[in-house]
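Descriptive analysis of the structure
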Amino acid sequence: MQPAIEIAGVRKTYGPVTALRGIDFEIRQGEFFGLLGPNGAGKSTLISIIAGLVQMNAGRISVMGYDTVRQFRQARRQLGVVPQELVFDPFFTVRDMLRIQAGYYGCGREVWPWIDEMLDRLDLAGKSGSSMRALSGGMKRRVLIAQALVHRPQVVILDEPTAGVDVELRRTLWSFMTELHRAGTTVVLTTHYLEEAQELCERIAILDKGALQVIDTTRELLARHPFRFLRLRLPEGAQLPEALRPLVAAEQEGTLELKLESGRHPISAVFMALRDAGVDIDDVHTREPDLEDIFIELTGRSAAPAGASA
Amino acid sequence: MTPDQIGFVTLLRKEVKRFWSVLGQTVTAPVVTTMLYLLVFAQAMKDRASVYEGVSYTEFLVPGLVMMAVIQNAFANTSSSLIQSKVMGNIVFLQMAPLGPLQWFGAYVLAALLRAALVALTMLAVTLPFVPLPVTSPLALVAVFVLTGASLAVMGLIAGILAEKFDHIAAFTNFFVTPLSFLSGVFYSVHALPPLWYHASHFNPFFYMIDGFRYGFFGHADVPIWQSLAWCAGFFGVASAICLRMLVTGYKLKK
Ligand SMILES: Nc1ncnc2c1ncn2[C@@H]1O[C@H](COP(=O)(O)OP(=O)(O)OP(=O)(O)O)[C@@H](O)[C@H]1O
Ligand SMILES: [Mg+2]
């Protein structure tokens, strides 16, 4: 089957800065795809190139088989993009904006019921007559999402749709995106909330410093690293035996987290070492690796921007 | 309509709606300003000898003032629309849409032309009771108006593409559009100028726009009508070629 998005040899420099250094991958039709990476990795640049906002220095991209440069009209009709920045036109009301947006794509009155349905689903029905400038940030974000969907594109790209969005709206957006995906739409999501990506995305690509670090199914990615984490709480004043020290991955408030490689460090060996050293255990807990661990493993950095937590 | 046509009409309607929703600023204000010029200059210069046989100074003045308003408003419409979209960032909606360079060009220019026509017709309607003008050559009148309005709309697009902030548009207006439109013979016949300025005027495209427009009313002007039309058409052609080239290559609009 035709890939939803095909990216081949895409390079982009901004003056001295190399934002993308030769990216190749495909996003399959009907997939819920996560595009992850730390700040400045090049995610938005890649999305802007797909959308036709930025020119690539080399490479080729097609959307549903249409070249984004040579067949830009067809390619763009298949595509809806929610930009990362909260942009809006202060001259128009929410409903006018959506109708204008539909018109750009050659859609007329036939999509008006769909516009009303989206306004309803995104909890904007009460704001349809409001001027864009009178909306809160979260509302503007929702209008941007509706705008990307007015022409019922087959492929939707959302660049950090849940950044700066409250918990309730985030849930609304998740269920909305899931519904779209279930209806057959290809959904591409970027986010710094890795639980979100782990929960929603079937496949994930991780970009770092303009290069593709990894692309795989979420399940394979999680299985790829044969680690598990063992959390131990030791009694006041107790010391971890010297032999276990190198395994400590994190330590906070008296709780130690050991990173164990299956095969090499069986859990029983840890317990044995503790018993031999005569150290008691107050509490014990194991944790499977999550996307965050894999992300840190691959990029050496944490995904969440400072201060943010999902 | 085909999807491409719907896209074009939508953009055109959006651009018209932009100035239509603030007619006070976009039509009434320029009409009032030029009417003030008319009052002041007509009063101050009423005793001067007529410029052409049987054409009073006030009659001579009106077409020039109308054309000056056309020049300034056509330019303002496209340049301000584009720079606002750029500064607000909402230009991305247009850039992501399946609209081609010709659709952008056509919709922006046509909307500006509509505003210019509205300003021109309002001014003519308001002055008509006091300064009735003959219409000798309606064809020339319409041709010069369309070429002028379209040329300045294209210049506004170019300025909007080049500009990065509102100040740049203001500079373009203050150092290019306003001086050239004032120095183009709105208030005088270039024959009254010293030789150097007389010759210099003949390199100012705005001079031909105003002179050609006057020809449409009075049937005579400073230079022959074909010369004015040729200059207007040439200016439009060159400006359009530059503008379309910018739109096709994504100059400054696409990083
Ligand atoms: N318009 C621009 N001019 C110059 N450099 C740019 C421009 N846009 C992006 N860059 C640079 O390109 C690199 C990639 O930026 P990009 O916005 O694509 O990252 P990102 O992965 O989307 O990051 P974030 O998670 O912070 O949104 C960065 O080094 C950035 O500074
Ligand atoms: Mg980004």
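Here's a quick rundown of the structure. (Residues numbered from 1 in each chain as written. Chains lettered and ligands numbered in written order. Predicted model: local features only at pLDDT ≥ 70, side-chain atom pairs only at ≥ 80, totals over all residues. Heavy atoms only, no water.)

**Looking at the overall build of chain A**
- Within chain A, the secondary structure is distributed over 10 helices and 14 strands.
- C-alpha extents for chain A along the principal axes are approximately 75 × 45 × 40 Å.
- Counting only contacts in chain A whose residues sit at least 6 apart along the sequence, the fraction spanning at least 24 positions is 68%.
- For chain A, the accessible surface area stands at approximately 14200 Å², while carbon and sulfur atoms represent 47% of it.
- Chain A carries 36 positive and 40 negative side-chain charges, and their two centres are separated by 8 Å. (Helix = DSSP H or I, 4+ residues; strand = E, 2+ residues; numbered from the N terminus. Contact = heavy atoms within 4.5 Å. Areas by Shrake-Rupley, 256 points an atom, 1.4 Å probe, with all protein chains shown as cover. Lys, Arg positive; Asp, Glu negative; His and termini not counted. Charge placed at Lys NZ, Arg CZ, Asp CG, Glu CD.)

**Side note on the sheet that holds strand S5 (residues 66-67) of chain A**
Residues and elements named next belong to chain A.
- If you trace the 4 strands from one edge of the open sheet to the other, you get S2-S1-S4-S5, paired in antiparallel fashion. Edge positions in the open sheet fall to strand S2 (17-27) and S5, since each of these has one partner strand only.
- Helix-sheet contacts for helix H1 (residues 43-51) involve strand S1 (5-14), S2 and strand S4 (58-63), and the interaxial angle to S1 is about 115°. (Pairing = 2+ DSSP bridges. Axes fitted to C-alpha atoms, helices over the stretch in contact; angles between N-to-C directions.)

**With respect to the packing of helix H3 (residues 57-88) of chain B against helix H6 (residues 138-162) of chain B**
Residues and elements named next belong to chain B.
- H6 packs onto H3 with a crossing angle of 30° between their chain directions and a minimal axis gap of 7 Å. One element, H3, and the other, H6, form an angle in the roughly parallel class. By crossing handedness, the relation of H3 to H6 is classed as right-handed.
- The class makeup of the residues in the contact of H3 with H6 is 15 nonpolar, 6 polar and 1 charged. (Parallel < 35°, antiparallel > 145°, perpendicular 65-115°, else oblique. Left-handed = near helix turned anticlockwise from the far one by under 90°. Nonpolar A, V, L, I, M, F, W, Y, C, P; charged D, E, K, R; others polar.)

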